[in-house]
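# Geometric and topological summary
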Amino acid sequence: MIRASGTAGFQGKSATVASSRLTNAVAASLAVAALSLCLIVTLTVMSTKATMAMGLPI
């Protein structure tokens, strides 16, 4: 069996998978998601601390 040259492995030409605009849009959406997650965690920690500082009425 004879294999054609350049068809196996990483020897062939590389093709662009996505445009740079799509890559930038995905990167921006990931950055916004990370920022919102950080904000949610911060608000949760602050509200938990505030609730624990109030104490329980007996």
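Conventions used here
Residues numbered from 1 in each chain as written. Predicted model: local features only at pLDDT ≥ 70, side-chain atom pairs only at ≥ 80, totals over all residues. Heavy atoms only, no water. Helix = DSSP H or I, 4+ residues; strand = E, 2+ residues; numbered from the N terminus. Buried < 20%, exposed > 50% of the residue type's maximum accessible area, 1.4 Å probe, protein only. Areas by Shrake-Rupley, 256 points an atom, 1.4 Å probe, with all protein chains shown as cover. Expected span 1.5 Å × (residues − 1). Patch = residues over 30% accessible without salt bridge, like charges linked within 9 Å, V, L, I, M, F, W, Y side chains within 5 Å. Salt bridge = Lys/Arg side-chain N within 4 Å of Asp/Glu carboxyl O.

A separate point is the overall build of the chain. Along the chain, the regular secondary structure elements total 1 helix and 0 strands. The buried share of the chain, taken over its 58 residues, is 0%. Only carbon and sulfur atoms are counted for the fraction: they give 71% of the accessible area of the chain, which is about 5800 Å².

A rise of 1.5 Å per residue sets the reference length of helix H1 (residues 20-54), with its 35 residues, at 51 Å; its end C-alpha atoms lie 51 Å apart and thus fit the reference within 8%. At the C-terminal side of H1, Gly 55 shows a positive phi close to 80°.

Glancing now at a nonpolar patch on the surface. Together, Leu 22, Val 26 and Leu 30 give the surface a local cluster of nonpolar side chains, amounting to about 280 Å² of exposed area. Residue position: Leu 30 is located in helix H1.

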